[in-house]
Structures are given as structure tokens and as C-alpha cells.
Amino acid sequence: MISVQDLTKRYDDTLAVDGISFEVQAGEVVGLLGPNGAGKTTALRILTGYLPPTSGTAHLAGYDIFEDSLEVRRRVGYLAETNPLYEDFSVLECLEIIARLRGLSPAQSRRRIQEVIGLCALPEVMGKDVTHLSKGYRQRLGLALAILHDPEILILDEPTSGLDPNQQREVRDLIQALKTRKTVLLSTHILSEAQVSCDRILIIHRGKIAASGTPQELQRLSAGPPQLSVQIRGPAQAILAGLNGVPGVTRVTLRGEDGGAPRFLLEAAPGADPREAVFNLAVQFRWTLLELKMETASLEEIFRQLTIEEGGAVGTSPSPGLRPPSPSRGEGWGEGVKGQ
Ligand code: ADP
């Protein structure tokens, strides 16, 4: 488990990480999602003992990252964003060097190397020099090195960055395969990656956690009343009047017609779910219900609202439902999303 309390990092006049607190439970995959410059790498480097914080504390597997830094390093596998590798050695040699540095016995080393080669699909390149590896294989080797000592916690900085879509999927599948046995904290600026890979997402912006939750919870946080998309085959005006009378429905808009069946957008009172009443209405008048769908804001929209440039073209502040969990959000929402 990872437990972070009020972690702050200031570089001269840049407040890179601004009092973040969160926990990652055993077996969870949690994503730090944020635009470039949000403070993700800084936070992960602090947690892995590569960088001291300005203030705050963190415990990994129950150990303090400073007081027990050696115990922490034993229990953590770290894939750095730049993934430094021994370029002049073969893949196998690289694994052997790290196994030795990690203090594995020759027998443990042989067993673990075989395991990670299988897990990370490296057999084809075992004899290849690292310098000749494709980006995808370099990332797989980086992951193999990070998990070689079988750590209980994995910290992965932009694990799919620079990979093509097939390679990205392979790395995501690998993370899912590891998830049953590990606690994983990863960083990404790619929303779809967080959505696919993570049980929980922490949206980080300007060093602060702007929102957190499961992908579904973040979607539900979206502002505005619940909306329903409805298509019914039948007399448009009669249907419009009927829908307007459904309890909980506050507004009905005719959106057009498709194949002789009008489409409507229904707005409902907060917390209301008029789907059953709409269904019953259609049954009562023998209208054919073709579609009845609750519309949810996409996570992309939520992320955009949280990280949008203040005074930008699309909006100037986050919707009320998207306020961060912390009581003091401080200044504006800063830079737009970059580097996607
Ligand atoms: P991310 O990983 O989300 O892209 P970083 O943690 O790399 O964000 O950077 C957060 C902020 O800290 C940025 O404004 C960046 O310019 C600044 N920063 C990062 N590393 C340093 C450093 N070594 N010295 C000064 N500023 C830094």
C-alpha cells in the first residue's frame, strides 16, 4: 500500500507538487493523470527516493520513504520516464546485472529472469544489445527490470509514452497481468490510458489533486442535470406533451427525426431517473420505444474542464460538480493540456 500525506516539492520558484495526499490500496492500479508539467514525475521521483520533498511524508508498504529508504527500495519497482538502460549490454546481461545489484542469489536470479522474460515477452531479443532494441522492447525490458526483484509495489512513469498503439496495448495488458499481485501507481497524460488501465484516477494539475475517483465516479461528477436521449416512433407532438408530463422531467427538447421517429433530449431534476416512467408512457400509448439512454459526460470533457486554460476558448472555470476534493483550490486552472 502507498500512503502519501501533504507532499510538497518546490524547485526554486516553481511549486511542482503542492500538498498532495492520497492512498493506493494493495492490488489497486491508480493513475496520476495530468497535463505535462502537472507534477507527476516529481511526485513519483519523491516516492521512489530519488528526490527529497520540501515537506510532507509518504509510506510505501508501511515504510517511511526517508527513514526506511532501503526497505522501500526493496519493495518498489520503478520504471522511470527516461528508462535508463545499459546500452552496451545484451538484454540477458542487463537482467543479470540488475539481479546481482538487487542481491538475488544465482538460483533466484535464474528463476526470476526466466519468469520476467516470459511475462514481458522478451525471449526473441534475449541476445540482442539493448542499443538495438525498438522502443516497445526497451519499455518491456524496463518493466522486466522493475519487477525482477518481485516488488510488491510498482511505480511507472508514463509507461506507454512513445509507443505505437499495438505496443501501448501490450504494455497495458502487462500492467493488467501484474495487477493481481502488485500495487501499481502510474502516471500518464493520456486520458484513454488512465481510463483503460486504472481502477482509480487522481487528476493532478499544477501540483494539486484536482479530482479523484474511479473512471465512473469521475464521469458522475460531471456538472449539470441528468440528461436522457429518447427516440420513440409515434406522433411527435403527442409524445412531446407526454414526456413533458413525466415526473422528474424538467425540460424536453425535440432534437430532430430519424426514419420517421422523433428524437428528444430530456433534462431531469438532479438525482431523478425518469427512464422507467418514460418506458411506461410509451407502453401506455403503444408507441414504439427505439432508444432510452442516460447521457454521461465523457471523462475527456471532465479532464478538459479541470485542466483548461483559464480564459480559454471553451470555458473559463470548471463546472461546480468538478471542484477538487481539497477545500482550498487556490488559483486558476493554469495551462491547457499539452503533449497529447
Ligand atoms: P509532469 O511529470 O507532470 O510533466 P514534472 O514533475 O516533470 O511534471 O514538472 C512539474 C513542474 O516542475 C514543471 O513546471 C517543471 O518545469 C518543474 N520542474 C521539474 N523538474 C524540475 C527541476 N529539476 N528544476 C526546476 N523545475 C523543475
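See the structure above.
Residues numbered from 1 in each chain as written. Predicted model: local features only at pLDDT ≥ 70, side-chain atom pairs only at ≥ 80, totals over all residues. Heavy atoms only, no water.

Trainee: Could you give an account of the overall build of the protein, with specific residues and numbers?
Mentor: For the protein, the count of helices and strands is 11 helices and 14 strands. Within the protein, the proportion of its 340 residues that are buried is 46%. Contacts spanning at least 24 positions in sequence make up 69% of the contacts within the protein whose residues lie at least 6 apart. Taken as a whole, the protein presents about 16,200 Å² of accessible surface, with 49% of it coming from carbon and sulfur. (Helix = DSSP H or I, 4+ residues; strand = E, 2+ residues; numbered from the N terminus. Buried < 20%, exposed > 50% of the residue type's maximum accessible area, 1.4 Å probe, protein only. Contact = heavy atoms within 4.5 Å. Areas by Shrake-Rupley, 256 points an atom, 1.4 Å probe, with all protein chains shown as cover.)

Trainee: An account of the site of the ligand is needed here, citing residue identities and associated values.
Mentor: Looking at the ligand, the residues that line it are Tyr11, Thr14, Ala16, Pro35, Asn36, Gly37, Ala38, Gly39, Lys40, Thr41 and Thr42. One nitrogen or oxygen atom from the main chain of Gly37 is found 2.7 Å from an oxygen atom belonging to the ligand. Lys40 has a polar side-chain atom sitting 2.8 Å from an oxygen atom of the ligand. Notes on the ligand: free accessible area 560 Å², of which the protein chains cover 58%. Of all the elements in the fold, those that place two or more residues in the shell around the ligand are β2 (14-24) and α1 (40-47). (Near = heavy atom within 4 Å. Polar contact = N/O pair within 3.5 Å; in protein donor to acceptor, adjacent residues only side chain to side chain.)

Trainee: Go over the packing of aromatic side chains, please, and point to the residues and values.
Mentor: In the structure shown here, the tally under the stated rule is three aromatic pairs. Taking 6.2 Å as the distance between ring centres and 90° as the angle between the ring planes, the aromatic pair formed by Tyr86 and Phe89 counts as edge-to-face. The exposure class of Tyr86 is partly exposed, given its relative accessible area of 33%. Note on Phe89: relative accessible area 36%, which makes it partly exposed. Consider the rings of Phe285 and Trp287, whose centres lie 4.8 Å apart with planes at 15°: the pair is stacked. A relative accessible area of 44% places Phe285 in the partly exposed class. Judged by its relative accessible area of 12%, Trp287 is buried. When the ring centre of Tyr50 is taken as reference, the NZ or CZ atom of Arg73 above it lies at 5.0 Å. The ring of Tyr137 has Arg140 lying over it, and the distance from NZ or CZ to the ring centre is 4.5 Å. (Phe/Tyr/Trp six-rings, centres within 6.5 Å; stacked < 30°, edge-to-face > 60°. Lys NZ or Arg CZ within 6 Å of the ring centre and 35° of its normal.)

Trainee: Tell me about the sheet that holds strand β10 (residues 208-213), and please be specific about residues and values.
Mentor: Pairing within the open sheet is mixed, and its six strands lie in the order β6-β7-β8-β3-β9-β10. Here the strands that pair on one side only, and so sit at the sheet edges, are β6 (76-79) and β10. Across the sheet, the mean angle separating the axes of adjacent strands is 15° when strand polarity is ignored. Pairing of strand β7 (residues 153-157) with strand β8 (residues 183-188) involves five bridges; the strand directions are parallel. Looking at the pairing, Ile155 lines up with Leu185 of β8. Lying on the sheet, helix α5 (residues 135-147) is in contact with β6 and β7; it crosses β6 at an angle near 160°. (Pairing = 2+ DSSP bridges. Axes fitted to C-alpha atoms, helices over the stretch in contact; angles between N-to-C directions.)

Trainee: Can you explain the pattern of salt bridges? Please cite residues and give values.
Mentor: Overall, the coordinates contain 14 salt bridges when judged by the stated rule. The shortest N-O distance in the salt bridge between Glu87 and Arg138 comes to 2.5 Å. Of this pair, Glu87 sits in the loop between β6 and α3 (91-101) while Arg138 sits in helix α5; the two residues are 51 residues apart in sequence, bridging distant segments of the chain. (Salt bridge = Lys/Arg side-chain N within 4 Å of Asp/Glu carboxyl O.)

Trainee: Which residues make up the pairing of strand β1 (residues 2-11), and what values do they have?
Mentor: The pairing of β1 with strand β4 (residues 55-60) spans five bridges and is classified as antiparallel. Among the inter-strand pairings, Thr8 is bridged to a residue of β4, identified as Ser55.

Trainee: Can you tell me about a negative patch on the surface, naming the residues and giving the values?
Mentor: On the surface, Asp88, Glu93, Glu96 and Asp129 cluster together into a negatively charged patch. Relative to the helices and strands, Asp88 is located in the loop between β6 and α3. (Patch = residues over 30% accessible without salt bridge, like charges linked within 9 Å, V, L, I, M, F, W, Y side chains within 5 Å. Lys, Arg positive; Asp, Glu negative; His and termini not counted. Charge placed at Lys NZ, Arg CZ, Asp CG, Glu CD.)

Trainee: Give a description of helix α4 (residues 106-119) that names residues and reports values.
Mentor: With 14 residues, α4 extends 20 Å between its outermost C-alpha atoms, agreeing within 8% with the 20 Å of an ideal straight helix rising 1.5 Å per residue. Those residues of α4 that fall on the buried side of the exposure criterion are Ser109, Arg112, Ile113, Val116 and Ile117. Along α4, the residues classed as buried sweep out an arc of 135° about the axis, all on the same side. Among the exposed residues of α4, those pointing more than 90 degrees away from its buried face are Arg110, Gln114 and Gly118. Those residues of α4 hidden inside the fold are in contact with α3 and α5. Taken from the residues just after α4, Ala121 is the one with a positive phi, measuring 50°. (Expected span 1.5 Å × (residues − 1). Arc of directions from axis to C-beta.)

Trainee: Help me get a handle on the sheet that holds β2, residues and values and all.
Mentor: Across a sheet, paired strands are connected by hydrogen bonds in the backbone, their directions being either parallel or antiparallel. Ordered in space as β2-β1-β4-β5, the four strands form an open sheet in which the pairing is antiparallel. Both outer strands of the open sheet, β2 and β5 (63-64), are each paired with one neighbouring strand and no more. Pairing of β1 with β2 involves eight bridges; the strand directions are antiparallel. Within β2, the residue paired with Tyr11 across the bridge is Thr14. Across the sheet, α1 is in contact with β1, β2 and β4; its angle to β1 comes to roughly 120°.

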